[in-house]
Amino acid sequence: MANDGVQPHASSVNSVMNTYADEGDVAGAWRVLQRMKDAGVPRNGITYNTLFKAVERGTRGSDAEARAQTEAVLAEMANDSIERARCIAQLPARLRKLL
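Residues numbered from 1 in each chain as written. Predicted model: local features only at pLDDT ≥ 70, side-chain atom pairs only at ≥ 80, totals over all residues. Heavy atoms only, no water.

## Thoughts on the environment of Ala-66
(1) Moving on: Inspection of the secondary structure puts Ala-66 in helix 4 (residues 63–79).
(2) Moving on: Given a relative accessible area of 0%, Ala-66 falls into the buried group.
(3) Moving on: On a C-alpha basis, the gap between Ala-66 and Phe-52 in space is 9.4 Å, while along the polypeptide they are 14 residues apart.
(4) Moving on: Among all residues touching Ala-66, those that are not within four sequence positions of it are Val-55, Thr-59, Arg-94, Leu-95 and Leu-98. (Helix = DSSP H or I, 4+ residues; strand = E, 2+ residues; numbered from the N terminus. Buried < 20%, exposed > 50% of the residue type's maximum accessible area, 1.4 Å probe, protein only. Contact = heavy atoms within 4.5 Å.)

## Notes on helix 2 (residues 26–39)
(1) Moving on: For helix 2, which comprises 14 residues, the first-to-last C-alpha distance of 20 Å matches the rise-based estimate of 20 Å (1.5 Å per residue) to within 8%.
(2) Moving on: Of the residues flanking the start of helix 2, the one acting as N-cap is Asp-25, its side-chain oxygen 3.4 Å from the backbone nitrogen of Ala-27.
(3) Moving on: Of the residues trailing helix 2, Gly-40 is marked for its positive phi of about 75°. (Expected span 1.5 Å × (residues − 1). Polar contact = N/O pair within 3.5 Å; in protein donor to acceptor, adjacent residues only side chain to side chain.)

## Notes on the pattern of salt bridges
(1) Moving on: The full count for this structure, using the stated rule, is 6 salt bridges.
(2) Moving on: Asp-22 is the salt-bridge partner of Lys-53, the closest N and O atoms lying 2.5 Å from each other. Of the two residues, Lys-53 is situated in helix 3 (residues 45–58) and Asp-22 in helix 1 (residues 10–23); the sequence distance between them amounts to 31 residues.
(3) Moving on: Of the charged contacts, one joins Lys-37 and Glu-76 as a salt bridge, the two residues approaching to 2.9 Å between their closest N and O atoms. Of the two residues, Lys-37 is situated in helix 2 and Glu-76 in helix 4; the sequence distance between them amounts to 39 residues.
(4) Moving on: For Lys-37, a relative accessible area of 31% puts it in the partly exposed group.
(5) Moving on: Through salt bridges that share partners, Asp-22, Lys-53 and Arg-57 make up one connected network. (Salt bridge = Lys/Arg side-chain N within 4 Å of Asp/Glu carboxyl O.)

## What about the side chain of Glu-56?
(1) Moving on: Mapping Glu-56 onto the fold places it in helix 3.
(2) Moving on: According to the relative accessible area criterion, Glu-56 is buried, its value standing at 15%.

## A word on the packing of helix 3 against helix 4
(1) Moving on: Where helix 3 meets helix 4, the axes come as close as 10 Å, and the angle between the chain directions of the two elements is 170°. Relative to helix 4, the element helix 3 is oriented roughly antiparallel. Each of Tyr-48, Leu-51, Phe-52 and Val-55 in helix 3 lies in contact with helix 4, whose residues at this interface are Ala-66, Gln-69, Thr-70, Val-73, Leu-74, Glu-76 and Met-77.
(2) Moving on: Of the residues that constitute the contact of helix 3 with helix 4, the class distribution is 8 nonpolar, 2 polar and 1 charged. (Axes fitted to C-alpha atoms, helices over the stretch in contact; angles between N-to-C directions. Parallel < 35°, antiparallel > 145°, perpendicular 65-115°, else oblique. Nonpolar A, V, L, I, M, F, W, Y, C, P; charged D, E, K, R; others polar.)

Next up, the structure:
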């Protein structure tokens, strides 16, 4: 898309990220976030909730890894001035209890 001079929209890129999240591919979801940042695509609450979904599914065997990834997502949210309280309210229960 970007190679064709078309600016991707957050909703379409969030859909791509959701594919990674469904598979529990945390690294893939982070790559999508980085590409959004590089392309200047605004991130929103849906972006970060989708990243939380990837973390929840991709770190089921390790609470320590889940906590570290969740804190990293929260730090990114702060950088983007995303309202933390609203996203935390939608966190999967497993991640919420790790905070």
